[in-house]
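Letter by letter, the chains look like this.
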Amino acid sequence: MPRSTPLAILLVDGYNVVGSWAELKQIRDRDGLEEARRQLIEVLTNYSAYQDFDTRLVFDAQYRDIPSTREVITSNLAVCYTDFGQTADTFIEKACAAFRNDVRKFHQRLIVATSDRAQRLTVVGYGAECISVEQLALDVHAATLQVKRKKKPTQKSAGRFLAHCLDPEAQKKLTQMRFGKTE
């Protein structure tokens, strides 16, 4: 069955998020940048699937003298590393400029998550929506809570018999009926 069109394309400035979310900063400082990236990818994988977003997490090609790469994590998430010398801001701005002339804009939203003020102004000028990385954190947290509420197990009966689901008075009456004691 073909995949339906995602509700939105979400472009995320990866290092902007890593540098802004307290838990990712702690992971980066304690375990390194690679682990912080891995945690962000995991969080956005779940969020993107829940929201039905086509998410592209963009990282600068810091200290990497290789051409840009795109790693598809799931059908909802791809991690993009820019070309050497290209910033994530430039990558995102080019994507917004291309989207402006794309027919998808009539039935799909383009959202950019960054707290870089100059970039926010630029991408809004191209017609994209913009949210701060702090707002993205709140949205991710809210989605996580909604998933947990939906998964909350219902109270199971004490046993496998229907009688165990009844209140004590009803159980007493059934026991009396079973032994032929009627009042």
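Look up: the structure comes first, before these words.
Residues numbered from 1 in each chain as written. Predicted model: local features only at pLDDT ≥ 70, side-chain atom pairs only at ≥ 80, totals over all residues. Heavy atoms only, no water.

Structural notes on the layout of surface pockets
Size it by volume and the largest pocket reaches roughly 240 Å³. What lines the largest pocket is Gln39, Glu42, Val43, Asn46, Tyr47, Tyr50, Val140, Ala143, Thr144, Val147, Lys148 and Lys151. At the level of secondary structure, the elements contributing two or more residues to the lining of the largest pocket comprise helix H3 (33–51) and helix H6 (133–151). (1 Å grid on protein atoms, 1.4 Å probe; cavity = no way out; pocket = protein on both sides within 12 Å on 5 of 7 lines; lining within 4 Å. Points joined across faces, edges and corners; volume = space filled by probe spheres on them. Helix = DSSP H or I, 4+ residues; strand = E, 2+ residues; numbered from the N terminus.)

Remarks on the pattern of salt bridges
Inspection of every chain in the model, using the stated rule, returns seven salt bridges. Taking the shortest distance from any N to any O, the salt bridge between Glu34 and Arg37 comes out at 2.3 Å. Here Arg37 and Glu34 lie together in helix H3, a separation of three residues that amounts to about one turn. On the basis of relative accessible area, Arg37 is assigned to the buried category, the value being 12%. Here Arg38 ties to Glu35 by a salt bridge, and the two come within 2.7 Å at their closest N and O atoms. One end of the pair is Arg38 and the other is Glu35, both in helix H3 and three residues apart, which spans about a single turn. Residue classification places Arg38 among the partly exposed positions, given a relative accessible area of 40%. (Salt bridge = Lys/Arg side-chain N within 4 Å of Asp/Glu carboxyl O. Buried < 20%, exposed > 50% of the residue type's maximum accessible area, 1.4 Å probe, protein only.)

Remarks on the packing of aromatic side chains
Enumeration over the complete set of coordinates arrives at three aromatic pairs. An angle of 25° between the planes, with centres 5.7 Å apart, marks the rings of Phe59 and Tyr81 as stacked. One end of the pair, Phe59, is in strand S2 (residues 53–59); the other, Tyr81, is in strand S4 (residues 77–81), with 22 residues separating them in the sequence. Three or more aromatic residues joined by ring pairs make a cluster, and in this case those are Tyr15, Phe59 and Tyr81. (Phe/Tyr/Trp six-rings, centres within 6.5 Å; stacked < 30°, edge-to-face > 60°.)

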